[in-house]
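# An overview of the molecular structure
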Amino acid sequence: MTTALASQKFSRLFDWFDQDRDDRLTREDFQATAEIFARVAREGDHDTVAAIHGAFDAWWRLLLEHGDTSRDGRISRREFTTVMQVNVTAPEHFQEAVMTIADAVINALDTNRDGVLSRDEYVRLYVGLGVSREHSEAAFTRLDLDGSGTISRAEFRQAISDFYLSADPDAPGNQLLGPVGF
Ligand SMILES: [Ca+2]
Ligand SMILES: [Ca+2]
Ligand SMILES: [Ca+2]
(Lines give C-alpha, C1' and ligand atoms only; values in the text may rest on other atoms or scores of the structure.)
(Ligands and ions follow the chains in the order given, each with its own letter.)
Protein backbone atom coordinates (compact mmCIF):
# COMPACT_ATOMS: atom_id res chain seq x y z
CA MET A 1 0.00 0.00 0.00
CA THR A 2 1.30 3.47 -0.80
CA THR A 3 2.33 5.36 2.27
CA ALA A 4 0.01 8.28 1.54
CA LEU A 5 -3.10 6.11 1.29
CA ALA A 6 -2.09 4.06 4.33
CA SER A 7 -1.43 7.19 6.36
CA GLN A 8 -4.80 8.61 5.41
CA LYS A 9 -6.68 5.45 6.36
CA PHE A 10 -4.81 4.95 9.62
CA SER A 11 -5.13 8.59 10.53
CA ARG A 12 -8.89 8.17 10.11
CA LEU A 13 -8.72 5.10 12.32
CA PHE A 14 -6.74 7.09 14.89
CA ASP A 15 -9.49 9.73 15.08
CA TRP A 16 -12.01 7.00 15.53
CA PHE A 17 -10.14 5.41 18.46
CA ASP A 18 -9.27 8.73 20.09
CA GLN A 19 -12.49 8.88 22.04
CA ASP A 20 -11.50 11.81 24.29
CA ARG A 21 -10.09 13.78 21.35
CA ASP A 22 -6.78 14.72 22.95
CA ASP A 23 -4.76 13.56 19.93
CA ARG A 24 -3.16 10.72 21.90
CA LEU A 25 -4.29 7.12 22.18
CA THR A 26 -4.41 5.59 25.63
CA ARG A 27 -5.69 2.38 27.14
CA GLU A 28 -8.80 4.34 28.21
CA ASP A 29 -9.50 5.26 24.56
CA PHE A 30 -9.38 1.58 23.61
CA GLN A 31 -11.63 0.61 26.49
CA ALA A 32 -14.12 3.30 25.48
CA THR A 33 -14.09 2.10 21.87
CA ALA A 34 -14.60 -1.49 23.00
CA GLU A 35 -17.57 -0.30 25.07
CA ILE A 36 -19.24 1.12 21.97
CA PHE A 37 -18.91 -2.22 20.22
CA ALA A 38 -19.98 -4.12 23.32
CA ARG A 39 -23.16 -2.05 23.53
CA VAL A 40 -24.43 -3.33 20.17
CA ALA A 41 -24.19 -6.93 21.39
CA ARG A 42 -27.38 -8.60 22.54
CA GLU A 43 -28.16 -8.12 26.18
CA GLY A 44 -26.72 -11.01 28.18
CA ASP A 45 -24.31 -12.08 25.41
CA HIS A 46 -21.36 -12.15 27.80
CA ASP A 47 -19.14 -14.25 25.53
CA THR A 48 -19.30 -11.70 22.73
CA VAL A 49 -18.73 -8.78 25.09
CA ALA A 50 -15.74 -10.55 26.67
CA ALA A 51 -14.35 -11.34 23.20
CA ILE A 52 -14.63 -7.69 22.18
CA HIS A 53 -12.85 -6.41 25.29
CA GLY A 54 -10.18 -9.10 24.95
CA ALA A 55 -9.57 -8.24 21.31
CA PHE A 56 -9.24 -4.50 21.92
CA ASP A 57 -6.92 -5.14 24.90
CA ALA A 58 -4.72 -7.34 22.72
CA TRP A 59 -4.57 -4.64 20.04
CA TRP A 60 -3.64 -1.99 22.61
CA ARG A 61 -0.84 -4.15 24.02
CA LEU A 62 0.52 -4.68 20.51
CA LEU A 63 0.56 -0.90 19.93
CA LEU A 64 2.34 -0.25 23.22
CA GLU A 65 4.89 -2.99 22.66
CA HIS A 66 5.80 -2.02 19.10
CA GLY A 67 4.62 1.54 18.64
CA ASP A 68 5.27 3.57 21.78
CA THR A 69 8.71 4.76 20.71
CA SER A 70 8.67 7.65 23.19
CA ARG A 71 7.78 5.21 26.03
CA ASP A 72 5.21 7.49 27.63
CA GLY A 73 2.44 4.90 27.65
CA ARG A 74 0.50 6.79 25.00
CA ILE A 75 0.44 6.54 21.21
CA SER A 76 0.76 9.69 19.12
CA ARG A 77 -0.72 9.94 15.64
CA ARG A 78 2.70 9.49 14.05
CA GLU A 79 3.49 6.50 16.25
CA PHE A 80 0.12 5.01 15.33
CA THR A 81 0.33 5.37 11.56
CA THR A 82 3.85 3.93 11.68
CA VAL A 83 3.11 0.94 13.91
CA MET A 84 -0.03 0.15 11.92
CA GLN A 85 1.95 -0.02 8.68
CA VAL A 86 5.02 -1.76 10.06
CA ASN A 87 3.66 -4.13 12.71
CA VAL A 88 -0.10 -4.47 12.99
CA THR A 89 -0.66 -5.23 9.32
CA ALA A 90 2.30 -7.63 9.20
CA PRO A 91 1.03 -11.16 8.57
CA GLU A 92 2.17 -12.46 11.96
CA HIS A 93 0.04 -9.88 13.80
CA PHE A 94 -2.84 -9.10 11.45
CA GLN A 95 -4.91 -12.17 12.19
CA GLU A 96 -4.54 -11.80 15.92
CA ALA A 97 -4.91 -8.04 16.20
CA VAL A 98 -7.47 -7.23 13.53
CA MET A 99 -9.35 -10.30 12.43
CA THR A 100 -10.09 -11.30 16.02
CA ILE A 101 -11.95 -8.02 16.37
CA ALA A 102 -13.68 -8.55 13.02
CA ASP A 103 -15.07 -11.88 14.18
CA ALA A 104 -16.15 -10.51 17.55
CA VAL A 105 -17.85 -7.54 15.88
CA ILE A 106 -19.76 -9.76 13.47
CA ASN A 107 -20.99 -11.85 16.38
CA ALA A 108 -22.11 -8.70 18.18
CA LEU A 109 -23.87 -7.23 15.16
CA ASP A 110 -25.62 -10.39 14.04
CA THR A 111 -28.36 -10.02 16.61
CA ASN A 112 -30.76 -12.52 15.00
CA ARG A 113 -27.97 -15.10 14.72
CA ASP A 114 -28.57 -16.04 11.10
CA GLY A 115 -24.87 -15.78 10.26
CA VAL A 116 -25.12 -12.71 8.01
CA LEU A 117 -25.55 -8.98 8.59
CA SER A 118 -28.74 -7.33 7.44
CA ARG A 119 -28.77 -3.66 6.53
CA ASP A 120 -30.31 -2.75 9.89
CA GLU A 121 -27.88 -4.87 11.87
CA TYR A 122 -24.97 -3.21 10.08
CA VAL A 123 -26.22 0.36 10.32
CA ARG A 124 -26.86 -0.02 14.03
CA LEU A 125 -23.16 -0.18 14.81
CA TYR A 126 -22.36 2.99 12.93
CA VAL A 127 -25.12 4.97 14.56
CA GLY A 128 -23.33 4.17 17.84
CA LEU A 129 -20.06 5.38 16.34
CA GLY A 130 -21.49 8.63 15.05
CA VAL A 131 -21.32 7.77 11.34
CA SER A 132 -24.35 9.08 9.45
CA ARG A 133 -27.01 6.59 8.42
CA GLU A 134 -26.73 7.86 4.86
CA HIS A 135 -23.06 6.98 4.77
CA SER A 136 -23.36 3.59 6.44
CA GLU A 137 -26.22 2.60 4.12
CA ALA A 138 -24.05 3.48 1.13
CA ALA A 139 -21.14 1.56 2.62
CA PHE A 140 -23.39 -1.44 3.21
CA THR A 141 -24.33 -1.51 -0.46
CA ARG A 142 -20.68 -1.42 -1.52
CA LEU A 143 -19.54 -4.04 0.96
CA ASP A 144 -22.30 -6.43 -0.15
CA LEU A 145 -20.07 -7.64 -2.97
CA ASP A 146 -22.45 -10.23 -4.40
CA GLY A 147 -25.52 -8.00 -4.09
CA SER A 148 -27.37 -10.54 -1.95
CA GLY A 149 -28.80 -7.84 0.34
CA THR A 150 -26.79 -9.09 3.32
CA ILE A 151 -23.14 -8.97 4.32
CA SER A 152 -21.68 -12.40 4.85
CA ARG A 153 -18.79 -13.18 7.18
CA ALA A 154 -16.52 -13.49 4.12
CA GLU A 155 -17.66 -10.12 2.76
CA PHE A 156 -17.07 -8.44 6.13
CA ARG A 157 -13.62 -9.96 6.44
CA GLN A 158 -12.86 -8.85 2.87
CA ALA A 159 -13.87 -5.30 3.78
CA ILE A 160 -11.55 -5.34 6.80
CA SER A 161 -8.68 -6.72 4.72
CA ASP A 162 -9.26 -4.03 2.08
CA PHE A 163 -9.26 -1.28 4.66
CA TYR A 164 -6.05 -2.40 6.32
CA LEU A 165 -4.11 -3.91 3.45
CA SER A 166 -5.35 -2.78 0.03
CA ALA A 167 -3.36 -0.28 -2.01
CA ASP A 168 -6.41 0.40 -4.19
CA PRO A 169 -7.89 3.81 -3.32
CA ASP A 170 -11.27 2.62 -4.65
CA ALA A 171 -11.42 -0.65 -2.69
CA PRO A 172 -14.94 -0.98 -1.21
CA GLY A 173 -13.52 -1.78 2.23
CA ASN A 174 -11.98 1.69 2.44
CA GLN A 175 -15.51 2.85 3.30
CA LEU A 176 -15.52 0.76 6.45
CA LEU A 177 -15.09 3.58 8.93
CA GLY A 178 -16.67 6.37 6.96
CA PRO A 179 -15.56 8.21 3.86
CA VAL A 180 -11.82 8.25 3.33
CA GLY A 181 -10.53 11.73 2.69
CA PHE A 182 -12.14 13.84 5.35
CA1 LIG B 1 -7.07 10.10 23.61
CA1 LIG C 1 -28.26 -11.32 10.99
CA1 LIG D 1 -23.68 -10.44 0.28
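A brief structural summary. For every chain, the first residue of the written sequence is number 1, and numbering continues from 1 along that sequence. Chains and ligands are labelled sequentially in the order written, the chains with letters from A and the ligands with numbers from 1. Residue-level local features of this predicted model are given only where pLDDT is at least 70; pairs of side-chain atoms are given and counted only at 80 or more, and the full residue set underlies all totals for whole chains, interfaces and linings. To get the side-chain values, take all heavy atoms of the structure and skip hydrogens and water.

This part covers the overall build of the protein. Of regular secondary structure, the protein possesses eight helices and two strands. Secondary structure elements follow DSSP: runs of H or I no shorter than four residues count as helices, runs of E no shorter than two count as strands, and numbering proceeds from the N terminus. Going residue by residue from the N terminus, the α and β elements of the protein occur as α-β-α-α-β-α-α-α-α-α. Summarising its shape, the C-alpha atoms of the protein cover approximately 45 × 40 × 30 Å along the three principal directions. Only protein chains enter the accessibility calculation, which uses a 1.4 Å probe; a residue is then buried when its area is under 20% of its type maximum, exposed when over 50%, and partly exposed in between. Expressed as a percentage of the 182 residues in the protein, the buried residues total 48%. Computed with a 1.4 Å probe, the accessible areas rest on the Shrake-Rupley method; for each residue, only the protein chains presented here act as cover. Accessible surface for the protein amounts to roughly 8600 Å². Of this, 50% is attributable to carbon and sulfur atoms. Working convention for charge: Lys and Arg count positive, Asp and Glu count negative, and His plus the chain ends are omitted. For charged residues, the charge sits on one atom: NZ in Lys, CZ in Arg, CG in Asp, CD in Glu. If you average the places of the 19 positive and of the 31 negative side-chain charges in the protein, the two averages end up 2 Å apart.

This part is about the coordination of the calcium ion (ligand 3). Note that water is not among the atoms considered, so a metal site may appear incomplete; the donors listed are N, O and S atoms within 2.8 Å of the metal, with 3.2 Å applied to Na, K and Ca. For the calcium ion (ligand 3), the full set of protein donor atoms is D144 (OD), D146 (OD), S148 (OG), T150 (O), E155 (OE) and E155 (OE), and the range of their distances to it is 2.3 to 2.6 Å. Each label reflects the angles at the metal, where four donors whose angles all fall between 85 and 135 degrees are tetrahedral, four or six donors whose opposite pairs open beyond 155 degrees and whose other angles stay between 65 and 115 are square planar or octahedral respectively, and the rest are irregular. Considering all six donor atoms around the calcium ion (ligand 3), the spread of angles at the metal, 53 to 154°, places the coordination shape in the irregular class. Mapped onto the sequence, the donors of the calcium ion (ligand 3) take the spacing D-x1-D-x1-S-x1-T-x4-E. We classify D144 as buried; its relative accessible area is 8%. Look at T150 and you get partly exposed, because its relative accessible area is 23%.

Let's shift gears to the environment of D168. In this fold, D168 is placed in the segment after α8 (153-165). Between the alpha carbons of D168 and L5 there is a distance of 8.6 Å; along the sequence they are 163 residues apart. In this structure D168 touches L5 and N174, once residues within four positions along its chain are discounted. Whenever two N or O atoms come within 3.5 Å, that pair is a polar contact, provided that in protein one can donate a hydrogen and the other can accept it, and provided that, for residues adjacent in sequence, both atoms are side-chain atoms. For D168, the side chain forms a polar contact with the main-chain nitrogen of D170, separated by 2.8 Å. Every residue pair with non-hydrogen atoms within 4.5 Å of one another is taken to be in contact.

Those protein atoms acting as donors to the calcium ion (ligand 1) are D18 (OD), D20 (OD), D22 (OD), R24 (O), D29 (OD) and D29 (OD), and they sit at 2.2 to 3.0 Å. Coordination at the calcium ion (ligand 1) is irregular, judged from the six donor atoms that bind it and the angles of 46 to 162° they form at the metal. Of note, the calcium ion (ligand 1) draws all its donor residues from one chain, in the sequence arrangement D-x1-D-x1-D-x1-R-x4-D. Residue classification places D22 among the partly exposed positions, given a relative accessible area of 37%. You can call D29 buried: its relative accessible area is 2%.

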